[in-house]
Structures are given as C-alpha cells and as structure tokens.
Amino acid sequence: MKKTLSPETQNDALAIAKATQKPGQVKEQTKLIAAGIEKGIAEYKKREKAKARERDKARKQQQKNKHAIPSNDDADVSYNEQESLFNPLTWSLAALLLLSWAGFAAYLFYR
C-alpha cells in the first residue's frame, strides 16, 4: 500500500525541481527530479514522525517513572514540610492555649 503525497508536497517538489532546472533540460527529466524530491520529503517526514513517537514514548516513560518511584528529593521535601509544622509560632500558640486553660482551672479552683 503506497501512500500518495499531499498536493502541497508535490507542488513544493516541482517548484524546487524547476528552480534547479538546467538549460536544455527536458520536461520529463524535471518530472523525474521532482519525483526524487518527493521521495526525499516523504522519507524525511517519516523519519521525523518516528523520532517524535520515540520522544513521546520516552517522555511518557519518564513521567510514569517519576510518579511511580518518589526520589530522595521528594522525601526531603515531605520531611521539611512535617518539620515546619512545629515552628516557633506553633509552639508559642500551644503554650498560650495551655496557659489559658491553666488560668481557667485556677480561677475555678480558688473561687
């Protein structure tokens, strides 16, 4: 099954063949040159499409691996996030809460 090339590709190939035409070159020779250029364009597109597929596969595989196995950097970030929960502000708020409860208990006890 042979794919036919798009009319734009055929026109581009014919234009390139006519632009490089030598004096005294017959029309049939120009058509043969245009056919060779068309083949070259088709081969180039086929290779580029294959490269794009390979890049896409590699990108998808990289994303899959990234989500499947967390790296050490991710573990460090989660550890730092957990550590940041107990910063000085958190400790001071907890101390104020305990102090207020102690004051409330003392007020009820000594009343």
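Residues numbered from 1 in each chain as written. Predicted model: local features only at pLDDT ≥ 70, side-chain atom pairs only at ≥ 80, totals over all residues. Heavy atoms only, no water.

**Considering the overall build of the chain**
Point 1. Each helix and strand counted, the chain has 4 helices and 0 strands in total.
Point 2. The helix and strand sequence of the chain, counted from the amino end, reads α-α-α-α.
Point 3. Here the chain holds 111 residues, and the buried ones make up 6% of them.
Point 4. A total of about 10300 Å² of accessible surface is found on the chain, and carbon and sulfur atoms cover 61% of it. (Helix = DSSP H or I, 4+ residues; strand = E, 2+ residues; numbered from the N terminus. Buried < 20%, exposed > 50% of the residue type's maximum accessible area, 1.4 Å probe, protein only. Areas by Shrake-Rupley, 256 points an atom, 1.4 Å probe, with all protein chains shown as cover.)

**Comments concerning a positive patch on the surface**
Point 1. Together, Lys-45, Lys-49, Arg-53 and Lys-57 line one region of the surface with positive charge.
Point 2. Mapped onto the fold, Lys-45 is located in helix H2 (residues 27-68). (Patch = residues over 30% accessible without salt bridge, like charges linked within 9 Å, V, L, I, M, F, W, Y side chains within 5 Å. Salt bridge = Lys/Arg side-chain N within 4 Å of Asp/Glu carboxyl O. Lys, Arg positive; Asp, Glu negative; His and termini not counted. Charge placed at Lys NZ, Arg CZ, Asp CG, Glu CD.)

**A short note on a nonpolar patch on the surface**
Point 1. The grouping of Leu-97, Trp-101, Phe-104, Tyr-107 and Leu-108 at the surface amounts to a nonpolar patch, some 590 Å² of accessible area in total.
Point 2. Secondary-structure assignment places Leu-97 in helix H4 (residues 88-109).

**Focus on the packing of aromatic side chains**
Point 1. Following the criterion strictly, the structure yields 2 aromatic pairs and no others.
Point 2. Relative to Phe-104, the ring of Trp-101 has its centre 6.2 Å away and its plane inclined at 90°; by these criteria the two rings are edge-to-face. Highlighted residues: Trp-101 and Phe-104, both in helix H4, separated by 3 residues, approximately one helical turn.
Point 3. Considering the side-chain rings of Phe-109 and Tyr-110, the 5.1 Å spacing of their centres and the 80° angle between planes classify their relative orientation as edge-to-face. By the burial criterion, Phe-109 is exposed, and Tyr-110 matches it. (Phe/Tyr/Trp six-rings, centres within 6.5 Å; stacked < 30°, edge-to-face > 60°.)

**Quick notes on the pattern of salt bridges**
Point 1. Taken as a whole and assessed by the stated rule, the structure comprises 5 salt bridges.
Point 2. Linking Asp-56 and Lys-60 is a salt bridge whose minimum nitrogen-to-oxygen distance equals 3.6 Å. Here Asp-56 and its partner Lys-60 are both found in helix H2, 4 residues apart, which amounts to about one turn of the helix.
Point 3. Judged by its relative accessible area of 30%, Asp-56 falls in the partly exposed class.

**A closer look at the environment of Arg-59**
Point 1. As for its position among the elements, Arg-59 is in helix H2.
Point 2. Arg-59 gets classed as partly exposed once you look at its relative accessible area, which sits at 41%.
Point 3. Looking at Arg-59, its side chain comes within polar contact range of the side chain of Asp-56, at 2.4 Å. (Polar contact = N/O pair within 3.5 Å; in protein donor to acceptor, adjacent residues only side chain to side chain.)

**What about the environment of Asn-11?**
Point 1. Assignment of secondary structure puts Asn-11 in helix H1 (residues 7-19).
Point 2. Look at Asn-11 and you get exposed, because its relative accessible area is 52%.
Point 3. When the C-alpha positions of Asn-11 and Glu-38 are compared, they lie 9.3 Å apart, and in sequence the two are 27 residues distant.

**Section: the side chain of Gln-25**
Point 1. Within the element layout of this structure, Gln-25 appears in the loop between H1 and H2.
Point 2. When near neighbours in sequence (up to four residues on either side) are disregarded, Gln-25 contacts Thr-30 and Ile-33. (Contact = heavy atoms within 4.5 Å.)

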